[in-house]
Amino acid sequence: QVQFVESGGGLVQPGGSLRLSCAASGFTFRLYAMRWYRQAPGKERELVAGISSVGGSANYADSVKGRFTISRDNAKNTVYLQMNSLKPEDTAVYYCNANRTGSGTTYNYWGQGTQVTVSS
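On a predicted model such as this, the values are computed, not experimentally measured, just so you know.

Rules of the game
- Residues numbered from 1 in each chain as written.
- Predicted model: local features only at pLDDT ≥ 70, side-chain atom pairs only at ≥ 80, totals over all residues.
- Heavy atoms only, no water.
- Helix = DSSP H or I, 4+ residues; strand = E, 2+ residues; numbered from the N terminus.
- Buried < 20%, exposed > 50% of the residue type's maximum accessible area, 1.4 Å probe, protein only.
- Contact = heavy atoms within 4.5 Å.
- Areas by Shrake-Rupley, 256 points an atom, 1.4 Å probe, with all protein chains shown as cover.
- Lys, Arg positive; Asp, Glu negative; His and termini not counted.
- Charge placed at Lys NZ, Arg CZ, Asp CG, Glu CD.
- Pairing = 2+ DSSP bridges.
- Axes fitted to C-alpha atoms, helices over the stretch in contact; angles between N-to-C directions.
- Phe/Tyr/Trp six-rings, centres within 6.5 Å; stacked < 30°, edge-to-face > 60°.
- Lys NZ or Arg CZ within 6 Å of the ring centre and 35° of its normal.
- Salt bridge = Lys/Arg side-chain N within 4 Å of Asp/Glu carboxyl O.

Quick one: what's the story with the overall build of the protein, residue by residue and with numbers?
The helix and strand inventory of the protein stands at zero helices and eleven strands. Ordered by position in the sequence, the α and β elements of the protein form the string β-β-β-β-β-β-β-β-β-β-β. If you line up the protein on its principal axes, its C-alpha atoms span 45 × 25 × 25 Å. For the protein, the proportion of its 120 residues judged to be buried stands at 38%. A separation threshold of at least 6 residues defines the contact pool for the protein, and within that pool the share at least 24 residues apart is 53%. Here the protein displays about 6300 Å² of accessible surface, and carbon together with sulfur accounts for 45% of that area. Each charge sign in the protein was given a centre, from 12 positive and 7 negative side chains, and these centres are 7 Å apart.

So this is what it looks like as structure tokens:
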């Protein structure tokens, strides 16, 4: 079955860095676009960053451009989110997501989430 192991979250001071990892299994990872979403208390889940199946293109929310970098290692079935210059407003639960559309069917899988808290 589809499984994700997310790690790397925690408490960090403003200006600090964290690297999130999401190791996937149970599906053909290299065929899926991968995304990181986040959800802060009382707010809707928002897309943070996405990367194509082969890693050739990436996109970012305006709020994180220049600070966050998404990458993937298809040999390890893992997607990463390097977060630098963290701000208190980056505090949220971060979720990895796998998405693919094929033969008219959309496949969409979610990780369990990892908490990121930016506070002094």
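Could you give me a rundown of the sheet that holds strand β8 (residues 78–83), with the residues and numbers involved?
Here we have four strands laid out as an open sheet, ordered β1-β3-β8-β7, and antiparallel in their pairing. The sheet is open, and its two borders are formed by β1 (3–7) and β7 (68–73), each paired with just one other strand. Geometrically, the sheet is characterised by an average inter-axis angle of 15 degrees between neighbouring strands, direction not taken into account. Pairing between strand β3 (residues 18–25) and β8: six bridges, direction antiparallel. Opposite L18, over in β8, you have M83 as the bridge partner.

How would you summarise the packing of aromatic side chains if you had to cite specific residues and measurements?
Inspection of the entire model under this criterion finds six aromatic pairs. Relative to Y32, the ring of F27 has its centre 4.8 Å away and its plane inclined at 65 degrees; by these criteria the two rings are edge-to-face. When its relative accessible area of 13% is taken as the criterion, F27 is described as buried. The rings of F4, F27, F29, Y32 and Y109 are connected pair by pair, giving a single aromatic cluster. Its end group placed over the ring of Y80, R19 keeps NZ or CZ at 4.0 Å from the ring centre. Over the ring of Y95 we find R45, and its NZ or CZ is 3.8 Å from the ring centre.

Which residues make up the pattern of salt bridges, and what are the values?
Within the structure shown, the criterion is met by four salt bridges. The residue E46 makes a salt bridge to R38 at a minimum N-O spacing of 2.6 Å. The partner of R67 in a salt bridge is D90, and the shortest N-O contact between them spans 2.8 Å. In this pair, R67 sits in the loop between β6 (58–60) and β7 while D90 sits in the loop between β8 and β9 (92–102), placing the two residues 23 residues apart along the sequence. Three or more residues are tied together by salt bridges with common partners; here these are R38, E46, R67 and D90.

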